[in-house]
Amino acid sequence: MKITLPDGSEKLFDRVVSAGEVAADIGAGLAKAAIGAKVDGELYDLNRPLPGDCELAIITRPREDKKGKSKWRDGKVDADAMYLLRHSCAHVMAEAICKIWPETQLAYGPPLDNGFYYDISLDTPISSDDFVKIEAEMKRIVEADRVFTRYELDADTGFPKLDEEGNKYKIDNAKRACAKGSKTLSWYVTGEAQGVTPWASLTVAPKPENFEDLCMGPHVPSTGAIGAFKVMSIASSNWHGDVTKDKFQRVYGTAFFTQADLEEHLENLEQARQRDHKVIGPKLGFYTIDEQVGQGLILWKPNGAVVRQELQNFIGEHLTRQGYKQVFTPHIGKLGLYKTSGHYPYYQESQYPPLINQDQVQLLAEEGCTCAELSSRMEAGEIDGYMLKPMNCPHHIRIFASDKHSYRDLPVRLAEFGTVYRWEQSGELGGMTRVRGFTQDDAHLFCTEDQLDAELAGCLELVKIVFKTLGMDDYRVRVGLRDPDGDKYVGESEQWDRAEAACIKAAESLGVEFISEQGEAAFYGPKIDFVVKDVIGREWQLGTVQVDYQLPIRFDLSYTGADNKEHRPVMIHRAPFGSMERFIGVLIEHFNGAFPLWLSPQQIRVLPISDKFVEYAQSVTDKLKAAGFRVEIDANNERLNAKIKVAQEAKVPYMLIVGGKDQDAGTVSVRHRSEGDKGAVPVEAFIADAIAERDERKLAGS
């Protein structure tokens, strides 16, 4: 067996070996740290026999720093190591629950990005009061350091075993696995199985005191490899997510390699809870969601509208500088438009159903047309339907196509803050970050192939300006490529190769970390996505840039070249903010509602210390308004401390306190929401400094 390691070196063996044996051959330190392996891109148990000649990477637990936190290689969390850890901890939690409630039937328990869950069927309700005893049982299992032992049975032997166990959910899981091509069924025993070699057929039943679960794996070598864990929450769910099917209790947990990591995670969760835009946003008057209007549809209130408009003005300045032209398009379009573009039926499940007019409804009713027949006739084009637009690009394409273009006209850059509509499941909706109607800072560029690199550079410049201005400097880039074996992509391979090469070249020019992921491209072209890390370490996918050779073909777009012949333009889709709703929801949490001066809905509040100074306060306010500030007077008959508290809670950047000395000297006593009292300054001096802070869009003091 020839084993190729990540550094290109090779190990040769004259027998079948496991990844664990290879690790031991390399060194005792590696063998001790190893918890799993990746073999030709697939996760493996450490003791699983290798398939033959292969590429092998050993997955290790992280080292610990002086504070007991995980110290990952190159500072990057190993997603595979976390997967193994959390999948194994889900298995341990399932065992603990079954030990406490023996009548439990397990359904499904996957790892997640931030933890894991297990769906269980159990008549006894589990509450948060039970978490302590679940964790205590999990602790006993982990401290016992029992090995995870896998055994396999062929389907003819495995299904009778499952039938005897009587868990219909595991039977269904097994049938689904076989339908996907699996010829064997696998179980994991927490502990040793008598008379069985791991990864071999079972000859003697597992020891009765040891827990086992139908599972594809993989897992860490033993329960002792699981570091710190916590049961987090309980929710309800349904089998396969279908509300008409069996109801489950979904128990969520999380796991980390060290206690310090867990504590940091819990602190971040508390920070996230305090920063939750679904709480802060309505409280500060940014938005509301109304049942009579509809879930997932944002009603922008005045304060939120200020932030949105300021962001639009900000990026609008750069659009003008880069030569974009503003357009406006309707909220609906003919069904055929989206058929031509491919958005229907590619994304049919996430779109609102087509609309037909009342005359057609009446006629179809008289014909006795069923819903299924209606759908079929609309698909065939026999009925002229309309759709709430799921994308702006087909509308911009038709604007481009409405005029003849020469190569001298290109590039054509069309921009719109266009509202689109997607049908999201109710359970997936979440405040401003997951909605059914949202506005994109959308633009589509039509250019020659020779102009593609420069236009991509301009798009990326916009994204960098946005992130830098808002202090979101910690981001990574993901280049979404097509899956060569996928069937959702349209167009010729040669065109895809050119588009992907352009995206990778552009990503390289950014000078930041980027990764390429197959299967993440849009159906019409590759894309560059920006994943931003906020102030408490959470990642958000925000801006995107896409290269598209296909839609110009599907819509038969052309321009006249220097050779006087017709040529096909290349199209770029780009949205630096992405969705205004999502972006501002993220910003609310990033700034904890305390926006920098230029974005704050109310920038300054003037606080007279008594009624005697309201007139002077009004004169200060008039000067501030003349300078373009959003300012109010708090002339309520309240004590000064009460007024300050109200302004602090509203997260107003500056409070200007005015009394007798200020009136006599022409000054204001400045108080900043986070820096406290800054002393008395002349009104004109404050205004000059505030203008500089606002117009330069400074983050200082935010």
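Residue numbers here run from 1 along each chain, matching the order of that chain's written sequence. With pLDDT at 70 or above as the cut-off, local features in this predicted model cover only qualifying residues; side-chain atom pairs require 80 or more to be listed or tallied, and sums for whole chains, interfaces and linings still use all residues. The side-chain figures draw on all heavy atoms in the structure; neither hydrogens nor water molecules are used.

S.K.: I keep staring at the packing of helix H9 (residues 302–321) against helix H15 (residues 452–469) and nothing clicks. Help me out?
M.R.: Each packed pair of helices is defined by two parameters, the angle between the axes and the distance between the axes. In this description, a line fitted to the C-alpha atoms serves as the axis of each element, helices being fitted only across the stretch in contact, and the angle between N-to-C directions of two axes falls anywhere from 0 to 180 degrees. Here a helix means four or more residues in a row that DSSP labels H or I, a strand means two or more in a row labelled E, and each is numbered from the N terminus. Two numbers describe how H9 lies on H15: the axes approach to 11 Å, and their chain directions differ by 150°. Here H15 runs roughly antiparallel to H9, going by the angle between their axes. The handedness of the crossing between H9 and H15 comes out as right-handed. Taking contact as the criterion, the partners of Phe 314, Ile 315, His 318, Leu 319 and Arg 321 in H9 are, on H15, Glu 461, Leu 462, Ile 465, Val 466 and Thr 469. Residues are grouped as follows: Ala, Val, Leu, Ile, Met, Phe, Trp, Tyr, Cys and Pro are nonpolar; Asp, Glu, Lys and Arg are charged; every other residue, Gly included, is polar. Here the residues of the contact of H9 with H15 sort into six nonpolar, two polar and two charged. Here roughly perpendicular refers to angles of 65 to 115 degrees, roughly parallel to angles under 35, roughly antiparallel to angles over 145, and oblique to all remaining angles. Whether a crossing is left-handed or right-handed is set by the direction in which the near helix is turned from the far one by less than a right angle, anticlockwise for left-handed and clockwise for right-handed. Should any heavy atoms of two residues lie within 4.5 Å, those residues are counted as being in contact.

S.K.: What is the right way to look at the pairing of strand S32 (residues 667–672) in this model?
M.R.: Walk down a regular strand and you will see the side chains alternate between the two sheet faces. One ladder, built from four bridges, connects strand S31 (residues 654–658) with S32; its direction is antiparallel. Opposite Leu 656, over in S32, you have Val 670 as the bridge partner. Two strands pair if DSSP finds at least two bridges between them. Across six bridges, the pairing between S32 and strand S33 (residues 676–682) is antiparallel. Among the inter-strand pairings, Val 668 is bridged to a residue of S33, identified as Val 681.

S.K.: Please explain the side chain of Glu 581 as it appears in this structure.
M.R.: As for its position among the elements, Glu 581 is in helix H18 (residues 580–590). Residue class for Glu 581 comes out buried when judged on its relative accessible area of 3%. Residues contacting Glu 581, with those up to four places away along its chain left out, are Ile 298, Trp 300, Arg 308, Met 432, Val 435, Gly 437, Phe 438 and Thr 439. Buried residues are those whose accessible area, probed at 1.4 Å on protein chains only, stays under 20% of the maximum for their type, while exposed residues exceed 50% and partly exposed ones sit between those limits.

S.K.: Which parts of the structure should I look at to understand helix H6 (residues 168–179)?
M.R.: Residues separated by three or four positions in an α-helix point in the same direction, a consequence of the helix having 3.6 residues per turn. Take the number of residues in a helix, subtract one, and multiply by 1.5 Å to get its expected span. In this model, H6 (12 residues) spans 16 Å end to end at C-alpha, consistent with the 16 Å of a helix rising 1.5 Å per residue. Of all the residues in H6, the buried ones are Tyr 169, Lys 170, Ile 171, Asn 173, Ala 174 and Ala 177. Residues of H6 that are buried make contact with strand S8 (105–108), strand S9 (116–121), helix H5 (155–165), strand S11 (184–190), strand S12 (211–214) and strand S14 (247–256). Counted as a polar contact is a pair of N or O atoms within 3.5 Å, where, for protein atoms, one must be capable of donating a hydrogen and the other of accepting one, and residues adjacent in sequence contribute only when both atoms are in side chains. A side-chain oxygen of the first residue of H6 lies 2.9 Å from the backbone nitrogen of Tyr 169; this N-cap is Asn 167. At the C-terminal side of H6, Gly 181 shows a positive phi close to 110°.

S.K.: Can you help me understand a nonpolar patch on the surface in this one?
M.R.: Patch members must show over 30% relative accessible area and no salt bridge, and they are joined within 9 Å when carrying like charges or within 5 Å when they are nonpolar side chains of Val, Leu, Ile, Met, Phe, Trp or Tyr. Accessible surface area values rest on a Shrake-Rupley calculation with a 1.4 Å probe, where residue burial reflects the displayed protein chains alone. We count a salt bridge whenever a side-chain nitrogen from Lys or Arg sits within 4 Å of a carboxyl oxygen from Asp or Glu. Residues Ile 332, Leu 355 and Tyr 386 make up a contiguous nonpolar surface patch of roughly 230 Å² in combined accessible area. Residue position: Leu 355 is located in the loop between helix H11 (343–346) and helix H12 (358–367). Given the relative accessible area of 39%, Leu 355 is considered partly exposed.

S.K.: Would you mind going over the sheet that holds strand S28 (residues 570–575) with me for this structure?
M.R.: Within a sheet, each strand pairs with its neighbour through backbone hydrogen bonds, oriented either parallel or antiparallel. One open sheet holds the eight strands; their spatial order is S17-S20-S21-S28-S25-S24-S22-S23, and the pairing between them is mixed. In the strand order of this sheet, the two ends are held by strand S17 (325–326) and strand S23 (514–518), each with one partner. Running over the sheet, helix H14 (residues 393–401) touches strand S20 (412–421), strand S21 (437–447) and S28 and is turned about 35° from S21. In this fold helix H16 (residues 493–509) packs onto strand S22 (475–481), S23, strand S24 (527–533) and strand S25 (539–548), with an angle of close to 170° to the strand it touches most, S22.

S.K.: I keep staring at the pairing of S9 and nothing clicks. Help me out?
M.R.: Of all six residues making up S9, six are buried, and the element is well covered by its neighbours. On S9, burial covers both faces: Phe 116, Tyr 118 and Ile 120 on one face and Tyr 117, Asp 119 and Ser 121 on the other are all buried. As paired strands, S8 and S9 are joined by three bridges and run antiparallel to one another. Each residue of the ladder has a partner; that of Gln 105, found in S9, is Ser 121. Sheet topology note: the S9/S14 ladder contains five bridges and is antiparallel. The residue of S14 that forms the bridge with Phe 116 is Gly 253.

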